[in-house]
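# Structural overview for review
One-letter residues, chain by chain:
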Amino acid sequence: MIRLENLTVSYRRHPAVHHVSGSFADGQATAIFGPNGAGKSTLLKAIMGALKPDAGRVLMRGVARRDLAYLPQQSEIDRSLPVSVIDLVSSGHWQRSGLFGKVGRNDDDASWNALVTVGLEDFATRPIAALSSGQFQRVLFARILVQDAPLILLDEPFNAVDAATTADLLALVERWKAEGRTVIAVLHDEQQVREHFPQTLLMAREVIAWGDTAEVLTADKLRRASDTAAHWSANAPVCRVDGVTQ
Amino acid sequence: MIDFLYQWVLAPFVEFAFMRRALVACLALALGSAPVGLFLVMRRMSLVGDAMSHAVLPGAAVGFLIAGLSLPAMSLGGFVAGVLVAGFAGLATRFTEIKEDASFAAFYLLSLAIGVLLVSSSGSNVDLMHLLFGSVLAVDDAALLLVASVASVTLLTLAVIYRPLLLESLDPVFLRAVGGHGSVWHLLFLLLVVLNLVSGFQALGTLMSVGLMMLPAICSRLWAATVGGMLLAAFLIAALAGMGGLLLSYHVELPSGPCIILLAGLFYIVSLFVAPQGGVLPRLLRQRHLES
């Protein structure tokens, strides 16, 4: 469904994602794992089309943009705006309602059910500014439920979230797996990856390993990832891999 | 009592056509500017309105130099200058690492310098004062038509782009992820900002029209807890400030533009203390908290 071909994304010529190729397993959960600065969030943004590749491309077969649900990091949302919880959840209908389309009674039911699923129905009319970061994360998961998309991208979904909330939200990930949705998540907790994500992409700007989690998260591969991260240079020479330099 | 009210509140409008025109102009300005100002506040661009009000000056000055005190020429010039500054600032933000507020600051200062040079090279200071502060009591049919048209265009456009514009203020990455074309709405919105500043121009001048845009919008946050409520509150405050300012200027014989903005400003100060949504006094008198 999603294939990366020689994908490179850089900030001011310094690559954050460097010649990454491979495919995400259809209908399975893949974790993107690696040290800080490994380009994990950058890769996710490139997949959803928010960042333009310097070289290579993201091929999506059988999925349109409207089939994609994306969980941003919380810092990217302005929570000072006077918007209620249920309104934020309802923005998940955008792909079907668009600019003018009606959000009908069925859609309202879907929003409400999603809130019930994440256990926040009592908070429906509260302003989003009044929520804790764990509660707010539940709201964002409720919006993904509303989006009902076959492809779900999660950027550090369990940051600043307590154990109980993490367990509840991981149960949703399990449910999406059972429903045959493709889930791609940037994660920092090795234990979570081993328990809930059968596939792992271990990266440190380039691919260190990509495949079954048990085979990817081995001691020597993890060491290779952090060794690679330790050798990133501020004065790197121009990259000459397969003629994509300028 | 009724007699007193009539004397101070109604008589000026009943007796003088220029006061009625000014009132209609203020109400129409309030209808268009207040919601635009509210979106500026919500998008954390409060000072961009101020920057744009300076940015339209050279265009208006060119219009003035070509056609004299002609509203169409000056408005068109102001509009073109405003769109250019908004466009350049937008491009600079998009293609460099300069933040939006910084690039607006850079381009409006450039624009303002050109404007002051143009005015001082061939106009007198009186003309400059008129450009900066306008005169709502001299609103003619053409100006009234312009203000009313801009208010209509603004409200219709906002009705169309309301959903994506709000979503783009709240969660821009999400809107981009679902293919919502964030920058289109942003540019359309900047166009509305320029249009409303230009329309307030004859009545209030370039400097004062931004006051009617921003002060009621900032106040509204203290009075309402939803976007809809804030839109209504912002309009009501702007309309009241407009009417009150006209009366004040009539009775004490002061320039009307500053009177209107002064009232809006006073209302803001009072709101800081008494308004229900986060005002100081309601916070001091707060009721006991609820059970968990």
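This structure is a prediction, so every number in the text was calculated from the model and none was measured.

### Considerations on the overall build of chain B
Scanning chain B for helices and strands turns up 14 helices and zero strands. The secondary structure elements of chain B, listed N-terminal to C-terminal, are α-α-α-α-α-α-α-α-α-α-α-α-α-α. Computed over the C-alpha atoms, the radius of gyration of chain B is 20 Å, within 12% of the 19 Å expected from 2.2 N^0.38 for a compact globule of 292 residues. Along the first, second and third principal axes, the C-alpha atoms of chain B reach 65 × 60 × 30 Å. For chain B, the proportion of its 292 residues judged to be buried stands at 49%. If you take every contact in chain B between residues at least 6 apart in sequence, the share linking residues at least 24 apart comes to 72%.

### Structural notes on the sheet that holds strand β1 (residues 2-11) of chain A
All names here are of chain A. Taken in spatial order, the three strands line up as β2-β1-β4 in an open sheet, and their pairing is antiparallel. Either end of the sheet is taken by a strand with one partner, and the two such strands are β2 (14-24) and β4 (55-60). The mean inter-strand angle of the sheet, taken between neighbouring strand axes irrespective of direction, is 20°. Lying on the sheet, helix α1 (residues 40-47) is in contact with β1, β2 and β4; it crosses β2 at an angle near 60°.

### Some words on the interface of chain A and chain B
The extent of an interface is frequently quoted as the accessible surface area lost upon association of the parts. Taken residue by residue, the interface counts 18 residues in chain A and 18 residues in chain B. Among the elements of the structure, β5 (68-71) and α3 (94-97) of chain A are those that each provide at least two residues to the side of chain A that touches chain B.

### Regarding α1(A)
All names here are of chain A. Most of α1 sits out of view: seven of its eight residues are buried. By the burial criterion, the buried members of α1 are Lys40, Thr42, Leu43, Leu44, Lys45, Ala46 and Ile47. Among the residues trailing α1, Gly49 stands out with phi positive, at a value near 90°.

### Comments concerning the sheet that holds strand β3 (residues 29-33) of chain A
All names here are of chain A. Here we have six strands laid out as an open sheet, ordered β5-β6-β7-β3-β8-β9, and mixed in their pairing. In this open sheet, the two strands that pair with only one neighbour each are β5 and β9 (206-212). In this sheet, neighbouring strand axes are inclined to one another by 15° on average, regardless of whether the strands run parallel or antiparallel. The pairing of strand β8 (residues 199-204) with β9 spans six bridges and is classified as antiparallel. Residue pairing for β9: Thr200 is matched across the bridge by Gly211.

### A word on the packing of helix α4 (residues 105-117) of chain A against helix α5 (residues 133-147) of chain A
Residues and elements named next belong to chain A. Running from N to C, α4 and α5 cross one another at 135°; their axes reach a closest spacing of 9 Å. Classed by the angle they form, the pair α4 and α5 counts as oblique. At the point where α4 passes α5, the crossing takes the right-handed sense. Packed against α4, whose contacting residues are Ala110, Ser111, Ala114, Leu115 and Thr117, the element α5 presents Ala142, Leu145 and Val146 at the interface. Looking at the contact of α4 with α5 residue by residue, the class counts come to six nonpolar, two polar and no charged.

### Focus: the domain arrangement of chain A
Residues and elements named next belong to chain A. Once the domains are mapped, chain A shows domain 1 (1-63 + 150-240) and domain 2 (77-148). If you look at the interface, domain 1 gives nine residues, while domain 2 gives seven residues. For the side of domain 1 that touches domain 2, the element with the highest residue contribution is helix α6 (residues 163-178), accounting for four residues. Of the residues belonging to the side of domain 1 that touches domain 2, the class tally is six nonpolar, one polar and two charged.

### Description of the UniProt feature "transmembrane region" (unreviewed entry) in chain B
Residues and elements named next belong to chain B. The positions that UniProt labels "transmembrane region" (unreviewed entry) are, in the present scheme, residues 22-41, 73-92, 104-122, 142-161, 173-195, 230-248 and 260-281. With 100% helix and 0% strand, the stretch residues 73-92 has end C-alpha atoms that lie 28 Å from each other. Summarising residues 230-248: 100% helix, 0% strand, and an end-to-end C-alpha distance of 26 Å.

### Things to note about the nonpolar core
Counting 163 residues, the largest nonpolar core has A:Ala142, A:Leu153, B:Ala25, B:Met52, B:Val194 and B:Ile260 as its most contacted members. It is helix α2 (residues 17-42) of chain B that provides the largest number of residues to this core, a total of 15 residues. When residues of this core are assigned to domains, at least three fall in each of domain 1 (1-63 + 150-240) and domain 2 (77-148) of chain A. Setting aside its immediate chain neighbours within four residues, B:Ala25 contacts B:Val136, B:Val139, B:Ala143, B:Leu144, B:Val147 and B:Ala203.

### Things to note about α4(A)
All names here are of chain A. End to end, α4 covers 18 Å across 13 residues, agreeing with the expected 18 Å (1.5 Å per residue, within 8%). Residues of α4 that are buried: Ala110, Ser111, Ala114 and Leu115. All buried residues of α4 lie within an arc of 135° about the axis, which places them on one face of the element. The outward face of α4, more than 90 degrees from its buried face, is lined by the exposed residues Arg105, Asn106 and Asp109.

### So, the pairing of strand β6 (residues 151-155) of chain A
Residue and element names in this part refer to chain A. Burial runs high along β6: five of the five residues are buried. Neither face of β6 is open: one carries Leu151, Leu153 and Asp155, the other Ile152 and Leu154, and all of them are buried. Across four bridges, β5 lies against β6 in parallel orientation. Pairing of Tyr70 across the sheet is with Leu153, part of β6. Sheet topology places β6 next to strand β7 (residues 182-186); five bridges connect them, and they run parallel. Counted as the bridge partner of Leu153 is Ile184 from β7. On the question of chirality, the crossover connecting β6 to the parallel β7 by way of α6 is right-handed.

Rules behind the numbers
Residues numbered from 1 in each chain as written. Chains lettered and ligands numbered in written order. Predicted model: local features only at pLDDT ≥ 70, side-chain atom pairs only at ≥ 80, totals over all residues. Helix = DSSP H or I, 4+ residues; strand = E, 2+ residues; numbered from the N terminus. Rg over C-alpha atoms; globule rule 2.2 N^0.38 Å. Buried ≥ 20, exposed ≤ 12 C-beta atoms within 10 Å, placed from the backbone. Contact = placed C-beta atoms within 7 Å. Pairing = 2+ DSSP bridges. Axes fitted to C-alpha atoms, helices over the stretch in contact; angles between N-to-C directions. Parallel < 35°, antiparallel > 145°, perpendicular 65-115°, else oblique. Left-handed = near helix turned anticlockwise from the far one by under 90°. Nonpolar A, V, L, I, M, F, W, Y, C, P; charged D, E, K, R; others polar. Domains from an automatic or database assignment. UniProt positions renumbered as here; feature names shortened; annotations may be inferred. Core = buried A, V, L, I, M, F, W, Y, C linked by C-beta atoms within 7 Å. Expected span 1.5 Å × (residues − 1). Arc of directions from axis to C-beta. Right-handed = clockwise from strand over helix to strand, strands pointing away.

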